[in-house]
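Residues per chain, in single letters:
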Amino acid sequence: MILIDGKKEAEELRKKLKDEVSALKLKYKKVPGLTVILIGEMTPSQIYVRNKEKSANEIGLKSEVIKYPESVEEKIVLDKIKELNNDDTVSGILVQLPLPKHIDKQKVIETISPNKDVDGLHPINVGNLSSGYQGSIPCTPLGCYLLIKKIESNLTGKKAVMIGRSNLNGKAMAQLLLQEDCTVTITHSKTKNLKEECLVADIIVAAVGIKELVRGDWVKKDAIVIDVGINKTEKGIVGDVAFNEVSKVAKALTPVPGGVGPMTIACLLKNTIECFKRFQN
Ligand code: GUN
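Residues numbered from 1 in each chain as written. Predicted model: local features only at pLDDT ≥ 70, side-chain atom pairs only at ≥ 80, totals over all residues. Heavy atoms only, no water.

> Sorry if this is basic, but what is going on with the nonpolar core here?
Burial of nonpolar side chains together is a common tendency in soluble globular proteins. Counting residues in hydrophobic clusters, the biggest one holds 48 residues, and the most contacted among them are Ile-148, Met-173, Leu-177, Ile-203, Val-205 and Ile-226. With nine residues, helix α10 (residues 260–280) is the largest single contributor of residues to this core. If we skip the residues at most four places from it in the chain, Ile-203 touches Ile-148, Leu-155, Lys-158, Lys-159, Ala-160, Val-161, Cys-182 and Ile-224. (Core = buried A, V, L, I, M, F, W, Y, C linked by side-chain atoms within 4.5 Å. Buried < 20%, exposed > 50% of the residue type's maximum accessible area, 1.4 Å probe, protein only. Helix = DSSP H or I, 4+ residues; strand = E, 2+ residues; numbered from the N terminus. Contact = heavy atoms within 4.5 Å.)

Next up, the structure:
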(Lines give C-alpha, C1' and ligand atoms only; values in the text may rest on other atoms or scores of the structure.)
Protein backbone atom coordinates (compact mmCIF):
# COMPACT_ATOMS: atom_id res chain seq x y z
CA MET A 1 0.00 0.00 0.00
CA ILE A 2 1.22 3.45 -0.85
CA LEU A 3 0.80 5.83 2.08
CA ILE A 4 0.28 9.15 0.33
CA ASP A 5 2.50 11.67 2.10
CA GLY A 6 0.59 14.94 1.75
CA LYS A 7 3.05 16.72 4.00
CA LYS A 8 5.97 15.88 1.73
CA GLU A 9 4.04 16.66 -1.47
CA ALA A 10 2.91 19.99 -0.02
CA GLU A 11 6.47 20.82 0.99
CA GLU A 12 7.68 20.16 -2.57
CA LEU A 13 4.88 22.27 -4.02
CA ARG A 14 5.61 25.13 -1.59
CA LYS A 15 9.28 25.03 -2.56
CA LYS A 16 8.36 25.38 -6.25
CA LEU A 17 5.96 28.21 -5.41
CA LYS A 18 8.63 29.97 -3.36
CA ASP A 19 10.96 29.94 -6.37
CA GLU A 20 8.12 31.21 -8.54
CA VAL A 21 7.44 34.10 -6.14
CA SER A 22 11.13 35.06 -6.26
CA ALA A 23 11.02 35.07 -10.07
CA LEU A 24 7.82 37.15 -10.11
CA LYS A 25 9.37 39.60 -7.67
CA LEU A 26 12.33 40.09 -10.01
CA LYS A 27 10.08 40.47 -13.04
CA TYR A 28 7.35 42.73 -11.64
CA LYS A 29 9.09 44.34 -8.63
CA LYS A 30 6.20 43.21 -6.44
CA VAL A 31 4.89 40.01 -4.90
CA PRO A 32 1.42 38.39 -4.88
CA GLY A 33 -0.67 39.29 -1.82
CA LEU A 34 -3.18 37.14 0.05
CA THR A 35 -5.76 38.69 2.39
CA VAL A 36 -7.78 36.43 4.69
CA ILE A 37 -10.86 37.69 6.53
CA LEU A 38 -11.64 35.89 9.80
CA ILE A 39 -14.91 36.58 11.58
CA GLY A 40 -15.45 35.47 15.17
CA GLU A 41 -13.55 33.26 17.54
CA MET A 42 -14.15 29.78 16.08
CA THR A 43 -11.03 27.94 17.23
CA PRO A 44 -10.56 25.60 14.24
CA SER A 45 -10.93 28.57 11.89
CA GLN A 46 -8.36 30.53 13.90
CA ILE A 47 -5.89 27.65 13.59
CA TYR A 48 -6.50 27.25 9.84
CA VAL A 49 -6.07 30.98 9.27
CA ARG A 50 -2.86 31.09 11.30
CA ASN A 51 -1.46 28.22 9.21
CA LYS A 52 -2.47 29.95 5.97
CA GLU A 53 -0.75 33.18 7.05
CA LYS A 54 2.41 31.35 8.16
CA SER A 55 2.67 29.38 4.90
CA ALA A 56 2.06 32.48 2.78
CA ASN A 57 4.85 34.36 4.58
CA GLU A 58 7.23 31.42 4.26
CA ILE A 59 7.07 31.44 0.46
CA GLY A 60 7.44 35.22 0.28
CA LEU A 61 3.87 36.32 -0.37
CA LYS A 62 2.49 39.49 1.15
CA SER A 63 0.02 38.19 3.69
CA GLU A 64 -2.62 39.95 5.74
CA VAL A 65 -5.33 38.72 8.11
CA ILE A 66 -8.29 41.00 8.86
CA LYS A 67 -10.20 39.98 12.00
CA TYR A 68 -13.72 41.00 12.96
CA PRO A 69 -15.72 40.13 16.06
CA GLU A 70 -18.57 37.60 15.75
CA SER A 71 -21.08 40.49 15.95
CA VAL A 72 -19.70 42.45 12.97
CA GLU A 73 -22.32 43.89 10.63
CA GLU A 74 -22.56 42.29 7.21
CA LYS A 75 -22.18 45.66 5.49
CA ILE A 76 -18.79 46.28 7.11
CA VAL A 77 -17.50 42.97 5.73
CA LEU A 78 -18.95 43.58 2.26
CA ASP A 79 -17.47 47.10 2.15
CA LYS A 80 -14.07 45.74 3.17
CA ILE A 81 -14.23 43.12 0.39
CA LYS A 82 -15.07 45.85 -2.15
CA GLU A 83 -12.08 47.86 -0.91
CA LEU A 84 -9.82 44.80 -1.28
CA ASN A 85 -11.21 44.15 -4.78
CA ASN A 86 -9.86 47.57 -5.77
CA ASP A 87 -6.51 47.19 -4.01
CA ASP A 88 -3.78 46.28 -6.52
CA THR A 89 -1.51 44.87 -3.79
CA VAL A 90 -4.13 42.20 -3.02
CA SER A 91 -4.09 39.27 -5.48
CA GLY A 92 -6.30 36.88 -3.53
CA ILE A 93 -9.12 37.27 -1.00
CA LEU A 94 -10.37 34.44 1.23
CA VAL A 95 -13.19 34.76 3.75
CA GLN A 96 -12.83 31.91 6.21
CA LEU A 97 -15.96 29.77 6.51
CA PRO A 98 -18.21 29.07 8.34
CA LEU A 99 -19.66 32.55 8.90
CA PRO A 100 -21.91 33.72 11.75
CA LYS A 101 -25.62 33.16 10.97
CA HIS A 102 -26.48 36.84 10.48
CA ILE A 103 -24.01 37.11 7.57
CA ASP A 104 -25.21 35.90 4.17
CA LYS A 105 -22.54 33.51 2.87
CA GLN A 106 -23.68 33.73 -0.74
CA LYS A 107 -23.60 37.54 -0.67
CA VAL A 108 -20.06 37.47 0.75
CA ILE A 109 -18.86 34.99 -1.89
CA GLU A 110 -20.45 36.96 -4.74
CA THR A 111 -18.93 40.24 -3.52
CA ILE A 112 -15.38 38.90 -3.89
CA SER A 113 -14.09 39.67 -7.38
CA PRO A 114 -13.96 36.38 -9.35
CA ASN A 115 -10.40 37.40 -10.29
CA LYS A 116 -9.38 37.38 -6.61
CA ASP A 117 -11.51 34.45 -5.48
CA VAL A 118 -8.75 32.06 -4.34
CA ASP A 119 -11.36 29.64 -2.95
CA GLY A 120 -12.94 29.13 -6.38
CA LEU A 121 -16.38 29.54 -4.80
CA HIS A 122 -17.70 32.49 -6.84
CA PRO A 123 -20.40 31.32 -9.31
CA ILE A 124 -18.22 32.60 -12.18
CA ASN A 125 -15.38 30.31 -11.09
CA VAL A 126 -17.75 27.41 -10.46
CA GLY A 127 -19.01 27.94 -14.04
CA ASN A 128 -15.48 28.22 -15.40
CA LEU A 129 -14.51 24.93 -13.78
CA SER A 130 -17.57 23.08 -15.04
CA SER A 131 -17.03 24.52 -18.54
CA GLY A 132 -13.34 23.64 -18.52
CA TYR A 133 -12.32 27.32 -18.73
CA GLN A 134 -9.52 29.02 -16.82
CA GLY A 135 -10.31 30.16 -13.27
CA SER A 136 -9.68 29.42 -9.60
CA ILE A 137 -10.24 25.82 -8.50
CA PRO A 138 -11.20 25.17 -4.85
CA CYS A 139 -8.03 24.41 -2.87
CA THR A 140 -8.96 21.08 -1.28
CA PRO A 141 -10.16 19.37 -4.49
CA LEU A 142 -7.13 20.77 -6.30
CA GLY A 143 -4.87 19.29 -3.62
CA CYS A 144 -6.66 15.91 -3.82
CA TYR A 145 -6.37 15.99 -7.60
CA LEU A 146 -2.60 16.60 -7.49
CA LEU A 147 -2.17 13.72 -5.02
CA ILE A 148 -4.21 11.35 -7.22
CA LYS A 149 -2.25 12.36 -10.34
CA LYS A 150 1.00 11.64 -8.53
CA ILE A 151 -0.15 8.04 -7.98
CA GLU A 152 -1.75 7.55 -11.39
CA SER A 153 -0.98 9.97 -14.22
CA ASN A 154 -3.55 8.53 -16.67
CA LEU A 155 -7.04 8.50 -15.19
CA THR A 156 -8.93 7.87 -18.45
CA GLY A 157 -11.92 5.59 -17.96
CA LYS A 158 -11.40 5.18 -14.20
CA LYS A 159 -14.49 4.96 -12.05
CA ALA A 160 -14.39 7.72 -9.44
CA VAL A 161 -16.82 7.98 -6.55
CA MET A 162 -17.19 11.19 -4.53
CA ILE A 163 -18.76 10.83 -1.11
CA GLY A 164 -20.24 14.24 -0.33
CA ARG A 165 -21.64 16.89 -2.64
CA SER A 166 -20.50 20.20 -1.13
CA ASN A 167 -19.52 23.10 -3.37
CA LEU A 168 -16.17 23.27 -1.60
CA ASN A 169 -15.32 19.58 -2.12
CA GLY A 170 -17.49 16.93 -3.78
CA LYS A 171 -18.88 18.91 -6.71
CA ALA A 172 -15.58 20.57 -7.61
CA MET A 173 -13.67 17.29 -7.25
CA ALA A 174 -16.15 15.63 -9.60
CA GLN A 175 -15.52 18.31 -12.24
CA LEU A 176 -11.75 17.90 -12.02
CA LEU A 177 -11.96 14.12 -12.41
CA LEU A 178 -14.48 14.44 -15.25
CA GLN A 179 -11.93 16.60 -17.08
CA GLU A 180 -9.50 13.70 -16.66
CA ASP A 181 -12.01 11.42 -18.44
CA CYS A 182 -13.06 9.56 -15.30
CA THR A 183 -16.58 8.18 -15.01
CA VAL A 184 -17.77 10.09 -11.98
CA THR A 185 -20.46 9.32 -9.43
CA ILE A 186 -21.38 11.86 -6.77
CA THR A 187 -22.93 10.22 -3.72
CA HIS A 188 -24.50 11.91 -0.69
CA SER A 189 -26.59 11.32 2.42
CA LYS A 190 -29.63 10.13 0.41
CA THR A 191 -27.65 7.69 -1.76
CA LYS A 192 -28.87 4.11 -1.55
CA ASN A 193 -26.30 1.32 -1.30
CA LEU A 194 -23.29 3.57 -0.76
CA LYS A 195 -21.13 0.53 -0.04
CA GLU A 196 -21.98 -0.98 -3.47
CA GLU A 197 -21.20 2.34 -5.18
CA CYS A 198 -17.80 2.41 -3.47
CA LEU A 199 -17.03 -1.22 -4.27
CA VAL A 200 -16.82 -0.52 -8.02
CA ALA A 201 -14.66 2.60 -7.60
CA ASP A 202 -11.05 2.88 -8.78
CA ILE A 203 -10.88 6.21 -6.94
CA ILE A 204 -12.82 7.18 -3.80
CA VAL A 205 -12.79 10.73 -2.43
CA ALA A 206 -14.50 10.86 0.98
CA ALA A 207 -15.61 14.33 2.10
CA VAL A 208 -18.74 13.92 4.22
CA GLY A 209 -17.60 14.51 7.79
CA ILE A 210 -18.69 11.11 9.13
CA LYS A 211 -15.87 9.49 11.06
CA GLU A 212 -14.52 6.25 9.58
CA LEU A 213 -17.56 5.78 7.32
CA VAL A 214 -15.63 3.99 4.57
CA ARG A 215 -14.77 0.49 5.77
CA GLY A 216 -12.29 -2.07 4.50
CA ASP A 217 -15.02 -4.14 2.82
CA TRP A 218 -16.27 -1.06 0.88
CA VAL A 219 -13.06 -0.74 -1.09
CA LYS A 220 -11.97 -2.61 -4.19
CA LYS A 221 -8.45 -4.01 -4.15
CA ASP A 222 -6.07 -1.49 -5.73
CA ALA A 223 -8.38 1.52 -5.35
CA ILE A 224 -6.95 4.97 -4.63
CA VAL A 225 -8.65 6.38 -1.52
CA ILE A 226 -8.48 10.07 -0.60
CA ASP A 227 -9.72 11.06 2.84
CA VAL A 228 -10.82 14.69 3.20
CA GLY A 229 -12.52 14.16 6.58
CA ILE A 230 -11.46 15.92 9.76
CA ASN A 231 -13.49 14.49 12.66
CA LYS A 232 -12.73 15.10 16.30
CA THR A 233 -12.90 12.03 18.55
CA GLU A 234 -11.61 11.07 21.99
CA LYS A 235 -8.73 9.35 20.14
CA GLY A 236 -7.86 12.57 18.32
CA ILE A 237 -8.58 13.64 14.74
CA VAL A 238 -9.78 10.87 12.41
CA GLY A 239 -10.91 10.94 8.80
CA ASP A 240 -13.99 9.68 6.93
CA VAL A 241 -12.09 6.47 6.14
CA ALA A 242 -11.36 3.61 8.57
CA PHE A 243 -7.61 3.85 8.02
CA ASN A 244 -6.48 0.51 9.51
CA GLU A 245 -9.06 -1.50 7.53
CA VAL A 246 -8.76 0.34 4.22
CA SER A 247 -4.95 0.39 4.27
CA LYS A 248 -5.09 -3.44 3.99
CA VAL A 249 -6.92 -3.35 0.63
CA ALA A 250 -6.31 -0.03 -1.10
CA LYS A 251 -3.48 0.62 -3.52
CA ALA A 252 -2.94 4.10 -2.07
CA LEU A 253 -4.46 6.00 0.85
CA THR A 254 -4.05 9.43 2.44
CA PRO A 255 -3.62 9.55 6.22
CA VAL A 256 -5.46 12.01 8.49
CA PRO A 257 -3.72 14.17 9.52
CA GLY A 258 -0.86 14.59 7.06
CA GLY A 259 -2.73 13.79 3.84
CA VAL A 260 -5.04 16.28 2.19
CA GLY A 261 -4.75 19.07 4.81
CA PRO A 262 -1.22 20.30 3.98
CA MET A 263 -2.05 20.20 0.25
CA THR A 264 -5.09 22.46 0.77
CA ILE A 265 -2.91 25.24 2.13
CA ALA A 266 -0.23 24.79 -0.54
CA CYS A 267 -2.95 25.03 -3.21
CA LEU A 268 -4.26 28.24 -1.67
CA LEU A 269 -0.80 29.72 -2.18
CA LYS A 270 -0.78 28.34 -5.73
CA ASN A 271 -4.17 29.95 -6.44
CA THR A 272 -2.96 33.29 -5.07
CA ILE A 273 0.03 33.20 -7.43
CA GLU A 274 -2.21 32.22 -10.37
CA CYS A 275 -4.52 35.19 -9.63
CA PHE A 276 -1.49 37.51 -9.53
CA LYS A 277 -0.21 36.22 -12.87
CA ARG A 278 -3.61 36.49 -14.56
CA PHE A 279 -3.86 40.08 -13.29
CA GLN A 280 -0.42 40.98 -14.71
CA ASN A 281 -1.42 39.55 -18.07
N1 GUN B 1 -13.25 26.59 6.02
C2 GUN B 1 -12.82 25.29 5.93
N3 GUN B 1 -12.25 25.07 4.72
C4 GUN B 1 -12.31 26.23 4.04
C5 GUN B 1 -11.87 26.64 2.74
O6 GUN B 1 -11.32 25.86 1.96
N7 GUN B 1 -12.11 27.93 2.42
C8 GUN B 1 -12.74 28.79 3.26
N9 GUN B 1 -12.94 30.04 2.84
N10 GUN B 1 -13.15 28.46 4.47
C11 GUN B 1 -12.94 27.19 4.85
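Next comes the rest of the description.
> Can you help me understand the pairing of strand β7 (residues 203–206) in this one?
For a regular strand, side-chain orientation follows a simple rule: the groups alternate between the two sheet faces. The alternating pattern of β7 places Ile-203 and Val-205 on one face and Ile-204 and Ala-206 on the opposite face, and all of these are buried. Taken together, the four bridges between strand β5 (residues 159–163) and β7 define a ladder with parallel strand orientation. Its bridge partner lying in β7, Met-162 is registered against Val-205. (Pairing = 2+ DSSP bridges.)

> It is not clear to me how the pairing of strand β3 (residues 62–68) should be interpreted in this structure. Could you clarify?
When strand β2 (residues 33–39) meets β3, the two strands line up parallel, connected through seven bridges. For Leu-34, the partnering residue across the bridge sits in β3 and is Ser-63.

> Where do I start with the sheet that holds strand β6 (residues 183–187) in this structure?
Here we have six strands laid out as an open sheet, ordered β1-β11-β8-β7-β5-β6, and parallel in their pairing. Edge strands, defined here as strands with exactly one partner in the open sheet, are β1 (2–3) and β6. Across two bridges, strand β8 (residues 224–227) lies against strand β11 (residues 252–253) in parallel orientation. Directly across from Ile-224, in β11, lies its bridge partner Ala-252. Packed on one face of the sheet, helix α7 (residues 170–179) meets β5, β6 and β7 and runs near 170° to β5. (Axes fitted to C-alpha atoms, helices over the stretch in contact; angles between N-to-C directions.)

> What's the story with the site of the ligand in this structure? I'm lost.
Around the ligand, the structure places Leu-94, Val-95, Gln-96, Leu-97, Asp-119 and Leu-168. Note that a nitrogen atom of the ligand is positioned 3.1 Å from one of the side-chain N or O atoms of Gln-96. At 2.6 Å from a nitrogen atom of the ligand is found a side-chain nitrogen or oxygen belonging to Asp-119. Compared with its free state, where it exposes 280 Å², the ligand has 82% of that area covered by protein. Taken together, the residues of the shell around the ligand sort by class into four nonpolar, one polar and one charged. (Near = heavy atom within 4 Å. Polar contact = N/O pair within 3.5 Å; in protein donor to acceptor, adjacent residues only side chain to side chain. Areas by Shrake-Rupley, 256 points an atom, 1.4 Å probe, with all protein chains shown as cover. Nonpolar A, V, L, I, M, F, W, Y, C, P; charged D, E, K, R; others polar.)

> What is the right way to look at the sheet that holds β3 in this model?
Neighbouring strands of a sheet are bound in pairs by backbone hydrogen bonds; such pairs are parallel or else antiparallel. Read from one edge of the open sheet, three strands run β3-β2-β4, paired in parallel fashion. Each of the sheet's edge strands pairs with one partner strand only, and the pair in question is β3 and β4 (92–95). Ignoring which end each strand starts from, the neighbouring axes of this sheet average 15° apart. Strand contacts of helix α3 (residues 74–85): β2, β3 and β4, with the helix running at about 165° to β3, the strand carrying the most contacts.

> Before we go on, may I ask you to explain a nonpolar patch on the surface in this structure?
Residues Met-1, Leu-3 and Phe-243 make up a contiguous nonpolar surface patch of roughly 270 Å² in combined accessible area. Position of Leu-3 relative to the elements: it lies in strand β1. According to the relative accessible area criterion, Leu-3 is partly exposed, its value standing at 47%. (Patch = residues over 30% accessible without salt bridge, like charges linked within 9 Å, V, L, I, M, F, W, Y side chains within 5 Å. Salt bridge = Lys/Arg side-chain N within 4 Å of Asp/Glu carboxyl O.)

> When you look at the pattern of salt bridges in this model, what are you seeing that I'm missing?
Any two side chains of opposite charge can pair, on the condition that their charged atoms come close. Throughout the structure, instances matching the rule amount to 16 salt bridges. The salt bridge partner of Lys-75 is Asp-79, with a shortest N-O separation of 2.6 Å. Of this pair, Lys-75 and Asp-79 both sit in helix α3, four residues apart, which is roughly one turn of the helix. With relative accessibility at 54%, the residue Lys-75 sits in the exposed group. Classification of Asp-79 as partly exposed rests on a relative accessible area of 34%. With its nearest N and O atoms 3.6 Å apart, the salt bridge here joins Asp-222 to Lys-221. The structure contains a network of salt bridges with shared partners spanning Glu-20, Lys-270, Glu-274 and Lys-277.

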